[in-house]
Amino acid sequence: MSVFEVHRRTVQEYRDFISSFVQIADTRLQEYLEKEVLGEGGTLFPEPLLQLSPAYVLDKDVDELAREGLLHPETAQIFRRPDGSPFRLYRHQVEAIRRARQGQSYVLTSGTGSGKSFAYFIPIVDAVLRNPGVKGPMAWVVYPMNALANSQLKALQDLKARYEARTGSTFPVRFARYTGQTPEDERREIRANPPHLLLTNYVMGEYLLTRPEDHPLVCPPESPAPFFLVFDELHTYRGRQGADVALLVRRLKARLPEGRPVIHVGTSATLVARKGAGPEERRQ
């Protein structure tokens, strides 16, 4: 049996199931139901949605960027594939790296699987390597869900394992996840030795700002190095939640030493100006 026949039978059986307990006396409503709701292309069984994934423009690899001086040489050694070859980046990733090196904030909107996390992880790692003496957190990466934080923690752990196996050196960037799922013994260790990069969520961010024991994680020392404040899935922060997060950002920045540069980063695959906006308006 072909997949098309399986689809046809499945839809027909579900249509019969729905119809079996919907009894309408008015013939006009019955006709409307059969045509506009239960019929082919109706609201209950719309036509399949077919979309093509965009082809993102490739740019230089991390080794080329290191030779240009845009990346620290050791950054290029970290961001490599399992076989040791350098990651080749998309144009939007390179643009994000350039903006970060210039101390500029940016919002990146591109599709799922387009490497948005590298657009902030690479600049953060590069900033750590360029400022080896800086202690305390240099970046907060805030996720709306713990599952996303856990996924990115695993990605960083994989980079660390490959780097140490390939070079025999200790991974130069300390990172940690600090969420409701973090055991208390890990929390004590994180407070005692604050990582360069902290993965968290906005709810935990509120706790970090109010608990005295978490003071080392929200009051980094004075430094000319930039502090990165990253919000992944930026489109989720709307309405009341968006207002709460905006206040969270202001309160965190108030804890930073005066003059400490801050780079704000936002990423989203579904951030649009309005329904029906054209490419230029969406880009703006």
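So, here is what we can say about the structure in this document. Computed from a predicted structure; not experimentally measured.

Calculation criteria
Residues numbered from 1 in each chain as written. Predicted model: local features only at pLDDT ≥ 70, side-chain atom pairs only at ≥ 80, totals over all residues. Heavy atoms only, no water. Helix = DSSP H or I, 4+ residues; strand = E, 2+ residues; numbered from the N terminus. Rg over C-alpha atoms; globule rule 2.2 N^0.38 Å. Buried < 20%, exposed > 50% of the residue type's maximum accessible area, 1.4 Å probe, protein only. Areas by Shrake-Rupley, 256 points an atom, 1.4 Å probe, with all protein chains shown as cover. Lys, Arg positive; Asp, Glu negative; His and termini not counted. Charge placed at Lys NZ, Arg CZ, Asp CG, Glu CD. 1 Å grid on protein atoms, 1.4 Å probe; cavity = no way out; pocket = protein on both sides within 12 Å on 5 of 7 lines; lining within 4 Å. Points joined across faces, edges and corners; volume = space filled by probe spheres on them. Nonpolar A, V, L, I, M, F, W, Y, C, P; charged D, E, K, R; others polar. Polar contact = N/O pair within 3.5 Å; in protein donor to acceptor, adjacent residues only side chain to side chain. Expected span 1.5 Å × (residues − 1). Pairing = 2+ DSSP bridges. Axes fitted to C-alpha atoms, helices over the stretch in contact; angles between N-to-C directions.

Before going further, it helps to examine the overall build of the chain. When you go through the chain residue by residue, the secondary structure sums to twelve helices and eight strands. A compact globule built from 284 residues should have a C-alpha radius of gyration of about 19 Å, whereas the chain, at 24 Å, is more than 25% larger. C-alpha extents for the chain along the principal axes are approximately 80 × 45 × 40 Å. The proportion of buried residues among the 284 residues of the chain is 40%. For the chain, the computed accessible surface area is about 16,500 Å², with 53% contributed by carbon and sulfur atoms. Of the side chains in the chain, 38 bear a positive and 34 a negative charge, and the two mean positions are spaced by 5 Å.

So, about empty space enclosed by the protein. With the rule as written, the count across this model stands at one cavity of 30 Å³ or more. When its volume is computed, the largest cavity comes out at roughly 40 Å³. If you go around the largest cavity, the residues you meet are Ile78, Phe79, Val125, Leu156, Leu159, Phe171, Val173, Phe175 and Leu197. Residue composition of the lining of the largest cavity, grouped by class: nine nonpolar, no polar and no charged.

This part covers the side chain of Ser223. Assignment of secondary structure puts Ser223 in the loop between helix 10 (215-218) and strand 7 (227-231). Reaching out from Ser223, the side chain makes a polar contact with the backbone nitrogen of Ala225 at a distance of 3.0 Å.

Turning to helix 6 (residues 118-130), a few remarks are in order. The terminal C-alpha atoms of helix 6, which comprises 13 residues, lie 18 Å apart, in line with the 18 Å expected from a rise of 1.5 Å per residue. Among the 13 residues of helix 6, twelve are classified as buried, and the element is accordingly described as predominantly covered. Inspection of helix 6 places Phe118, Ala119, Tyr120, Phe121, Ile122, Pro123, Ile124, Val125, Asp126, Ala127, Val128 and Leu129 among the buried residues, and these make up the whole buried set.

The next thing to look at is the sheet that holds strand 7. Pairing in this open sheet of six strands is parallel, and the strands run 3-8-7-4-6-5 from one edge to the other. The open sheet is flanked by strand 3 (106-109) and strand 5 (175-177), the only strands paired with a single partner. Sheet twist, expressed as the mean angle between neighbouring strand axes with direction ignored, is 15 degrees. Of the strand pairs in this sheet, strand 5 and strand 6 (residues 197-201) are connected by three bridges, and their pairing is parallel. Within strand 6, the position partnered with Phe175 by the bridge is Leu197.

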